Amino acid sequence: MTPIYLDYAATTPCAPEVAEKMAQCLTLDGFFGNPASRSHKYGWLAENQVEIARGHLATLINADPREIVWTSGATESNNLAIKGVIEALRQQQPDVPLHIITSAIEHKAVLDAVEHLRRWHGVEVTLLNPDSNGLIHPQQVSDALRPETCLVSLMAVNNEIGTITDIAAIAQLLSSHRALLHVDAAQAIGKIVVDTKAWQVDLMSISAHKFYGPKGIGALYVRREPKVAVTAQLHGGGHERGMRSGTLPTHQIVGLGEAARLVSEHLEEDESRIRRLRDGLWQTLNELPDIHLNGDLTQRVANHLNVSFAGVDGEVLLSSLAKVALSSGSACNSVSVEPSFVLTALGLNRDMAHAGLRISLGRYTTDEDVDRAGAEILRVVRALRER
Ligand SMILES: *Cc1c(COP(=O)(O)O)cnc(C)c1O
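These figures come from a predicted structure and were not determined experimentally.

A. Molecular detail of the nonpolar core. Counting residues in each nonpolar core, the largest one holds 54 residues, and the members touching the most others are Ile61, Trp70 and Met204. With seven residues, helix α8 (residues 250-285) is the largest single contributor of residues to this core. Viewed by domain, this core spans two of them, domain 1 (4-11 + 267-385) and domain 2 (16-262), each represented by three or more residues. Not counting residues within four places of it along the chain, the set of residues in contact with tryptophan 70 comprises Val50, Ala53, Arg54, Leu57, Gly218, Ala219, Glu240, Arg244, Leu248, Ile253 and Leu256.

Given below as structure tokens:
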């Protein structure tokens, strides 16, 4: 039997509507042309599809279509935003000191890009630590600000614990400071209302495969007024207003666009249905003694749970839970299984961080899925504790 999929925070399946639109962009009878071809209809038609998709995404996040740069995903968007801003500043003023504020619980694509700049380019870095509920507070940003702070990079929603950062409040306190605000919104799109104007962000990273679009495509929102300077990290044909070269993958972009359109249409209804399922599952799991919810209970997205069961190892639990597909709080590398750095940053000890289980629901999760998964997790945790 195929396991119940409760790992929507890792990736989502494509919506059938998305897959259908993508298929129309591949073959001779469809929009397969190079969107940069100016001399014939194949190119024009493909370009038209790309611009329709750009419009759908811009509508979803309340942006101007010209503020959207297509990338290969949020990993690339984060790298382009962070390295691109620092490089642009260095080109303007080679010798001024630069300081970045970010947090200890960002995605590795942010943490490692920032670490690269610290190590090789002399940029100073402050890593904010979350409170025990996983929240980063605006006051912490305020306290860390220096005259030379040029960039604040914080995620809207954490991928492991689902907590929501108050981006608008952080943008507000930066309004009188020169520092730019970059937001990794990969986990926010499709879960909460994301509005670049209400939030007042300068740069924002987006990934299609977290909201029912295909893998390998994303976008970086780059504010136009006032204009944010970003130096390209991929050089070539000068696509995307010089910020990101490479032939545009029409099928991927059209998939992202359709996924964005579906989010605009379904967000509220998806959100309330999924919240009801998630709350029901949490009630079921909460019957177990010594269960700990990781991350704030209320300031989190509706589809997300992260729990630790005292005395039960996360890896053992996962391998015993063959009927449910979920993630553990541990990150495997080739040498060892390390406890999640996010859960460790919340102050969990190694055992409880190892025991973390991320359960994330989505658009195609049913009542029956949740009932069966809940019963199965109860059964397995009880059995492991009795051993
Ligand atoms: C998934 C994810 C990324 C990486 O996105 P890709 O498109 O897979 O490169 C970055 N940040 C967060 C918060 C994510 O959840």
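B. Layout of the sheet that holds strand β7 (residues 203-207). Read across the sheet, seven strands follow the order β2-β8-β7-β6-β5-β3-β4 without closing on themselves; strand pairing throughout is mixed. Looking along the sheet, the strands with just one partner apiece sit at the ends: β2 (68-71) and β4 (124-128). Here the strands of the sheet are splayed against their neighbours by 20 degrees on average, with no regard to which way each runs. Inspection of the sheet shows strand β6 (residues 180-184) paired to β7 by three bridges, in the parallel sense. Across the sheet, the residue bridging to histidine 182 is leucine 203, located in β7.

C. Highlighting the sheet that holds strand β10 (residues 304-309). One open sheet holds the four strands; their spatial order is β9-β10-β15-β12, and the pairing between them is antiparallel. Each having just a single partner strand, β9 (291-293) and β12 (327-328) make up the two edges of the open sheet. Judged from the three bridges that link them, β9 and β10 form a sheet pairing that is antiparallel. From the neighbouring strand, histidine 292 faces β10, where its bridge partner is serine 308. Lying on the sheet, α8 is in contact with β9, β10 and β15 (356-360); it crosses β10 at an angle near 10 degrees.

D. Molecular detail of the site of the ligand. Around the ligand sit 13 residues, and of these Thr75, Asp184, Gln187, Ser207 and Lys210 come closest. At 2.7 Å, a side-chain N or O of serine 207 approaches an oxygen atom of the ligand. One nitrogen or oxygen atom from the side chain of lysine 210 is found 2.7 Å from an oxygen atom belonging to the ligand. Protein coverage of the free-state accessible area of the ligand, which is 380 Å², stands at 87%. In terms of residue count, helix α3 (residues 74-92) provides more of the shell around the ligand than any other element does, three residues in total. Grouping the constituent residues of the shell around the ligand by class yields three nonpolar, eight polar and two charged.

E. The pairing of β10, seen in detail. Within β10, six of the six residues are buried, which leaves it mostly tucked inside the rest of the structure. Taking every second residue as pointing to the same face, both faces of β10 are buried, with His304, Asn306 and Ser308 on one and Leu305, Val307 and Phe309 on the other. In this structure, β10 lies alongside β15, joined through five bridges in antiparallel fashion. Bridge pairing in β15 places valine 307 opposite leucine 357.

F. Quick peek at the pattern of salt bridges. One pass over the full model with this rule turns up 19 salt bridges. As a salt-bridge pair, arginine 261 and glutamate 258 come within 2.9 Å of each other at their nearest N and O atoms. With arginine 261 and glutamate 258 both in helix α8, this residue pair falls three residues apart, about one helical turn. For arginine 261, a relative accessible area of 28% translates into the label partly exposed. Two residues, arginine 363 and aspartate 270, come together in a salt bridge whose shortest N-O distance is 2.9 Å. In this pair, arginine 363 is assigned in the loop between β15 and α12 (367-386) and aspartate 270 in helix α8, connecting sequence segments 93 residues apart. Arginine 363 sits in the buried class, given a relative accessible area of 13%.

G. Inspection of the domain arrangement of the chain at higher detail. Looking at the assigned domains, one finds that the chain contains domain 1 (4-11 + 267-385) and domain 2 (16-262). Computed over C-alpha atoms, the centres of domain 1 and domain 2 are 28 Å apart. Each partner contributes to the interface: domain 1 provides 26 residues, whereas domain 2 provides 31 residues. Looking only at domain 1, the three residues that lose the most surface to domain 2 are Leu267, Gln299 and Phe341, adding up to 23% of its buried area. Our count for the contact surface shared by domain 1 and domain 2 stands at zero salt bridges.

Thresholds, definitions, all that
- Residues numbered from 1 in each chain as written.
- Predicted model: local features only at pLDDT ≥ 70, side-chain atom pairs only at ≥ 80, totals over all residues.
- Heavy atoms only, no water.
- Core = buried A, V, L, I, M, F, W, Y, C linked by side-chain atoms within 4.5 Å.
- Buried < 20%, exposed > 50% of the residue type's maximum accessible area, 1.4 Å probe, protein only.
- Helix = DSSP H or I, 4+ residues; strand = E, 2+ residues; numbered from the N terminus.
- Domains from an automatic or database assignment.
- Contact = heavy atoms within 4.5 Å.
- Pairing = 2+ DSSP bridges.
- Axes fitted to C-alpha atoms, helices over the stretch in contact; angles between N-to-C directions.
- Near = heavy atom within 4 Å.
- Polar contact = N/O pair within 3.5 Å; in protein donor to acceptor, adjacent residues only side chain to side chain.
- Areas by Shrake-Rupley, 256 points an atom, 1.4 Å probe, with all protein chains shown as cover.
- Nonpolar A, V, L, I, M, F, W, Y, C, P; charged D, E, K, R; others polar.
- Salt bridge = Lys/Arg side-chain N within 4 Å of Asp/Glu carboxyl O.
- Buried area = accessible area lost by both parts, 1.4 Å probe.

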